[in-house]
Amino acid sequence: MVLDQQAERFILHFGEMGGRWGVNRTVGQIYALLFLSPEPLHAEEIAETLKISRSNVSMSLHELQSWRLVLLTHKVGDRRDYFESPKDVWEIFRILVEEKRKREIDPTLTLLRSILMEQPDGEREEYEHQRIAAMLELIELATGWFDEIQNLPPETLQSLMKLGSKVQKVLGLVGKVRKSVKLSGDQHD
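First, a word on scope: everything that follows refers to the structure included in this document. (Residues numbered from 1 in each chain as written. Predicted model: local features only at pLDDT ≥ 70, side-chain atom pairs only at ≥ 80, totals over all residues. Heavy atoms only, no water.)

This brings us to unusual backbone geometry. Despite not being glycine, Lys 51 has its phi angle at roughly 55°, a positive value. Following the sequence through the fold, Lys 51 ends up in the loop between helix H3 (43-50) and helix H4 (54-66). Overall, the relative accessible area of 72% leaves Lys 51 in the exposed class. (Helix = DSSP H or I, 4+ residues; strand = E, 2+ residues; numbered from the N terminus. Buried < 20%, exposed > 50% of the residue type's maximum accessible area, 1.4 Å probe, protein only.)

This paragraph deals with the packing of aromatic side chains. Within this structure, the stated rule accounts for 6 aromatic pairs. For the pair Trp 90 and Phe 93, a centre-to-centre distance of 6.4 Å together with 80° between the ring planes defines the contact as edge-to-face. Placement of the pair is Trp 90 and Phe 93 together in helix H5 (residues 89-117), with a separation of 3 residues, close to one helical turn. Given the relative accessible area of 18%, Trp 90 is considered buried. Residue Phe 93 is classed as partly exposed on the basis of its relative accessible area of 37%. An aromatic cluster of at least three residues, connected via ring pairs, comprises Phe 10, Phe 14, Trp 21, Tyr 31 and Phe 35. When the ring centre of Trp 67 is taken as origin, the NZ or CZ atom of Arg 103, which lies over that ring, is 4.0 Å away. (Phe/Tyr/Trp six-rings, centres within 6.5 Å; stacked < 30°, edge-to-face > 60°. Lys NZ or Arg CZ within 6 Å of the ring centre and 35° of its normal.)

Below, the structure is given as structure tokens:
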């Protein structure tokens, strides 16, 4: 398989980004190749196209499978394993967020809850306890919000994301109305 210039740029960029996302360059490149490929690829095709060793491809595919970003498929009459990326970008986004949460957020929540179960000893620990409680509250609020929106249909989620700053304006208006109603109620008392 020969890569065109556009595909090569995309794959190289994903390799560079891999390090920033906590995976190695090869994992990023393989994912990008599979994302762009209209057909599932077997490991030899991946190794040949990206000019990397077969063992490196194998290890990278295992990592991508553990992230649920690569699906294993087969072809009739062919004993080789084929790999492909999920086709729906919204599903990919959800998988990434779920996996990041499972690997990074959930262990942090567990640690914070564990610390908060201990009684603070002294003023310093009481302050730390309050700070940790605030961090826990923020993370729980964010993960609760994600739990609520993750089951929305992609079209609804896309519409919600497109609202952007309009949501902030609506919330600001709601706040002003509430304040006005509260002030009005206070005047009648």
